[in-house]
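Architecture and fold: a report
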Amino acid sequence: MTFKAFIIGLLATFGIPWLLLVVVPYSTMRSLGPVEYGKDSEFTGAFVPKRDGRIKEGSRIFGQEGCALCHTQVIRPTYAGNDVHRGEWAGLRKSSSVDEDTRRETIAQDFQQEDVAHIGQTRVGPDLSNFGRRLEHYLKLNKSSRTPEQWALMHLYNPKAVPRYEVPETGAQIITAWKSACPPKSGLFAKVQVNGAGYGNLPVDIEAGMGIKPSDRARALVSYLLSLKKDTLGNPLPDALNFNPKAPKSEE
Amino acid sequence: MAENNSTADSKDVVLRSSIDRSLRHPVMFLFASGALWLVLSIVLGLVASAKKHNPEFLTCFSWLDAGKVDAAHMSAMIYGWGLQAAFGIIIWLMARLSRKECTASGIILWAAHVWNAVVSYGIIRIMMGEGSGVTYMEFPSEVWPLLLVCYTTITIWSLVQFQVRDAGHVYVSQWYLLAGLLWFPWIAVTAWVFVFLMDGHPLMVAGVAGWFKGTLFSLFFLPVALGSAYYLAPKVTGRPVYSYNIALFGFWSLAVFGPWAGMEKLFGAPVPQFLPYAGAASMILILIPAIAVGYNIIKTVIGNSEVIAESPSLRFTAAGVVLFLAFGGLSVLLHTVPALKLTQFTYTGYGFDILGLYGVFSLCAFGAIYFIVPRITRREWLSRRFIKWHFFCSIYGISSVVICAIAGGLSQGQGIEDLSQPFGTMAERASQFSWGVTLAWAFILFANFFFCLHLFLMWARLGRRSSHPTLLDAHHPTSPHGPEGEVDNYSSASA
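**Comments concerning the overall build of chain A**
Per the secondary structure count, chain A includes five helices and two strands. Helices and strands appear in chain A in the N-to-C order α-α-α-α-β-β-α. A total of 252 residues make up chain A; the buried ones form 44% of that total. When contacts within chain A are restricted to residue pairs at least 6 apart in sequence, long-range pairs at least 24 apart make up 69% of them.

**Description of the environment of V321 of chain B**
Residues and elements named next belong to chain B. One can find V321 in helix α11 (residues 312–334). Taking the C-alpha atoms as reference points, V321 and M74, 247 residues apart in sequence, are found 22 Å from one another. Every residue in contact with V321, bar those within four places of it in the chain, is listed here: A229, V293, G294, I297 and I298.

**A closer look at the interface of chain B and chain A**
The partner chain A presents 57 residues to the 63 residues of chain B that form the contact. Elements with a minimum of two residues in the side of chain B that touches chain A: α2 (66–98), α5 (172–197), α6 (202–237), α7 (244–257), α8 (274–285), α14 (384–417) and α15 (423–459) of chain B. Of the residues assigned to the side of chain B that touches chain A, the class counts are 39 nonpolar, 15 polar and nine charged.

**Some points on the packing of α2 of chain B against α6 of chain B**
Residues and elements named next belong to chain B. Two numbers describe how α2 lies on α6: the axes approach to 10 Å, and their chain directions differ by 40°. With respect to α6, the axis of α2 lies oblique. As for the relative orientation of α2 and α6, their crossing is left-handed in sense. Residues G82, A86, I89, I90 and L93 of α2 pack against F220, F221, V224, G227, S228 and Y231 of α6. A per-class count over the contact of α2 with α6 returns eight nonpolar, three polar and no charged.

**Digging into the confidence of the model for chain B**
Residues and elements named next belong to chain B. For chain B, mean pLDDT is 89; residues scoring 70 or higher make up 94% of the total. Segment residues 479–495: pLDDT under 50, and 32 contacts once partners within four positions in sequence are set aside and those in other chains are kept. In the predicted assembly, ipTM is 0.91 and pTM is 0.92.

**Things to note about the nonpolar core**
One finds I91 and V208 of chain B to be the most contacted residues of the largest nonpolar core, which totals 233 residues. In terms of residues, this core owes the most to one element, α6 of chain B, which gives 23 residues.

**Considerations on the environment of E142 of chain B**
Residues and elements named next belong to chain B. Structurally, the position occupied by E142 is in the loop between α3 (105–127) and α4 (143–163). On the basis of neighbour counts, which here come to 13 C-beta atoms within 10 Å, the residue E142 falls in the partly exposed class. A sequence separation of 176 residues divides E142 from A318, and the C-alpha atoms of the two residues are 39 Å apart.

**Remarks on α7 of chain B**
Between its terminal C-alpha atoms α7 of chain B stretches 20 Å, which fits the 20 Å expected from 14 residues at 1.5 Å a residue. Those residues of α7 of chain B that fall on the buried side of the exposure criterion are A247, G250, F251, S253, L254, A255 and F257 of chain B.

**Thoughts on helix α2 (residues 55–64) of chain A**
The periodicity of an α-helix, 3.6 residues per turn, causes residues three or four positions apart to be oriented the same way. Buried residues dominate α2 of chain A, accounting for eight of its ten residues. Remark: G66 of chain A follows α2 of chain A within two positions and exhibits a positive phi of approximately 75°.

**Quick notes on the confidence of the model for chain A**
Taken as a whole, chain A shows an average pLDDT of 82; of its residues, 88% reach a score of 70 or greater. For the stretch residues 248–252 of chain A, pLDDT sits under 50, and the model shows one contact to residues farther than four places along the chain or on other chains.

Reading the values: the criteria
- Residues numbered from 1 in each chain as written.
- Chains lettered and ligands numbered in written order.
- Predicted model: local features only at pLDDT ≥ 70, side-chain atom pairs only at ≥ 80, totals over all residues.
- Helix = DSSP H or I, 4+ residues; strand = E, 2+ residues; numbered from the N terminus.
- Buried ≥ 20, exposed ≤ 12 C-beta atoms within 10 Å, placed from the backbone.
- Contact = placed C-beta atoms within 7 Å.
- Nonpolar A, V, L, I, M, F, W, Y, C, P; charged D, E, K, R; others polar.
- Axes fitted to C-alpha atoms, helices over the stretch in contact; angles between N-to-C directions.
- Parallel < 35°, antiparallel > 145°, perpendicular 65-115°, else oblique.
- Left-handed = near helix turned anticlockwise from the far one by under 90°.
- pLDDT = per-residue confidence, 0-100.
- Core = buried A, V, L, I, M, F, W, Y, C linked by C-beta atoms within 7 Å.
- Expected span 1.5 Å × (residues − 1).

Following this line, the structure appears as C-alpha cells:
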C-alpha cells in the first residue's frame, strides 16, 4: 500500500459518510420548508407552529443543568418504541374531560427556537415532550390551587415534596413525585428574608421570616418546561405532520 | 558479518535511546496528568452512579448535580485521560516507528500544559452550569478551538516524523496512528462548526454531536488502541504479526464502517430515517474489524501464555483485545432494531460506552504505558503487586460495570416498553442495578489509585535501577523480552 493510495482510501472511506451523514442532511434539515394544510382541510395556507415562553434561554439551561441525562424529549414512532401509548406523554387521550385524542409522534417543528434538540440520554424520569400540557391537565383534574409554574418550581426544589396526582380515568399514569428519583435542584433557589407577603417565594415552611426564592434561571427553565406541549403546537397540525395512531383516516 | 550486525545493533540501541530521551518529558507529563484525570473521572463517576440510587446524595453542592457530574465524569475520562494517554502513545510510537528523534518536545510539553488547563476550565464551567448544554459535547463552545490548537501542536510533529522517515515498509501501527491523527481534526472541526458555529436545525445539531461521540471512539480511540496492540503483541512475544492481509483487512474495514457510527442515538426522532439506521448498522458491522484484529493479535501471541502472564504490557493489551471482541459481539446484540428499542434510552448505552472507553481503549493504553514508561525513565516498575492489583481490579470492575449497566438497562428498557407496568417500576429497576455500578467503580478507583501512584513514583525517577523488566511472575527462568538490555530489538515489529 503506497502512501498515496492510503490517503485516497482515507479520503474516500471518510469523505463519503461525512457528506451523506453530516453535510447533506444538515443542510437539508436547515431549510425545512413550511407545511401546507391539505385541500380537504378546513384551514388554508401554511401551518405556523406557535410556542410561548423563554424557550431559547430555558432550553440552554435545561441542557446545562443536565436534565437531558434522565429526561427524554422524543415520542418515537411505534416501530421504535411504545412511547405514544405511555400515559399522556404524547398528548392528551380522549376522556370525559378531553374532547379529542391529541397524541402524536414528535415532529421536527417541535424543537423550533431551541439551539439543540434535547433528545435525551436515558429515561429515568418521564419523557417531557408533553410536560406543559400534561401538567395543566393534571392540575385541572385534581382541582389543585397551584399554577403549573408553582408546581414545576416545587418539583425542581424538591421533587419528593410535590403532591401526587392521580388521573383515574386514563389508567395508572400519574406523576409519581412521592418516590421520585430526581435529585433536588436546590442550587436554583436562594434562601431569602421574607419582606411583606413574600411574593414569588415557594410555598414551603422553613424557619420564620425566611423564604425560598426561585432564581431567574429556575424561572426561565420552568417557562421552557411549560412550553413543551406536543399536541397541536398552537395551530392545528396539517395531516402531513399528524401521526396520531388513533386519528381516523380520510377514506374511512 | 557478525561484526556488522553488532555495529548496526548498537547504532540501533543508541538511536532508540536518543528517541526515548527526546520524548521523556512530554510523554511522562501526558501519561501522569492523564492518570490523574482518570482517578478524578472515576471519583466523579462514583458520585454520578451513587446519585442514581440515592438522589439526595451530596445535593448540598449544586455543582455536583446529577446531570452536571455525569457530564463532567465523561468529559474528564475522554479529554483528560483518554486523549492525553492517546497523545503520549502516538508521539512515542510514531517517533519509534519512524525512527526519528523528536525535536519539539518543549513545544509539546507546553501544549500539553495548556491542554490540561483548557480541560480543567471546561470541566469547571460544566460543573458551574455554564456548559454548552449539548449532550456529548458539554464543554462550552470556546473550549473546542483551544483543544484543537493544542491537539495540532502536540501531534503535528508525529506527522512530520512520518513524512521525513527513511523510506521503507510502513508498519500496521503506523497506518492506524496516521489515520487516527487525520480523522480526529476532521471530526472535531466538523462537529464544532456544525454544532456551535452554524445555525442548524436543533435535531441535526443533536445528531452531529452524537456522530462526534460515535466517531471519536471508532476513529480515534480504537485506532490508537489497535495501533498500540499491533506494536506490543509482536514486540513482547518476539514473533511477527500473524497475517499482514488480515491486518490490512481489519484496518480498512474499520475505516469503512467506523465513520457511520453515532447517529443511532436519534433512533425514532424526526430526522432523515437512514441516519439512525446507518449508525446502528455501523455499530453492528464493527464486529468485522473486531474479529479481524482480535484473531490476528490472538494468533500472534497464542502459545506464549507464559509471556502473557508475565508481561504487564502484553497482559493488559491482550485483555483489551479480548474485550474489543466482546465489544463487537455485544454491539451486534444491542444495535438490532428490537434491541435498540430497549437500549436507546437506558443505562445500557452508558455500560457500552464504558466498555469501549475503559475496557478496550484504556486497557490497551495501560499496556502501552507499562511498556513505554520504563524506556523513557530508564527505570523499571517498582511494584509487581501494584500492577497485579491494577489488572485484576480493572478487569473485575469493568466487567461488573458493563454487566450491571447492560443488564439493568435492558430490564429498564423492558419496563418502559411494557405498558402494563407503571412508569415508576422501570426507574426502580434501574436504581437497583446502579448499586452494582457504584461498587464496581469503587474497584476501578482502587486499581487506578495505585496505577496513578505508581506512575508518579516512576515520574519522580524512583523506579528500580535495573535492566530486568518487572515481570508479574517472580520466578522466571529467562526474560520474555529477550536478552538483557535488548528489550525491543526484534526486526519483526520494528519495521
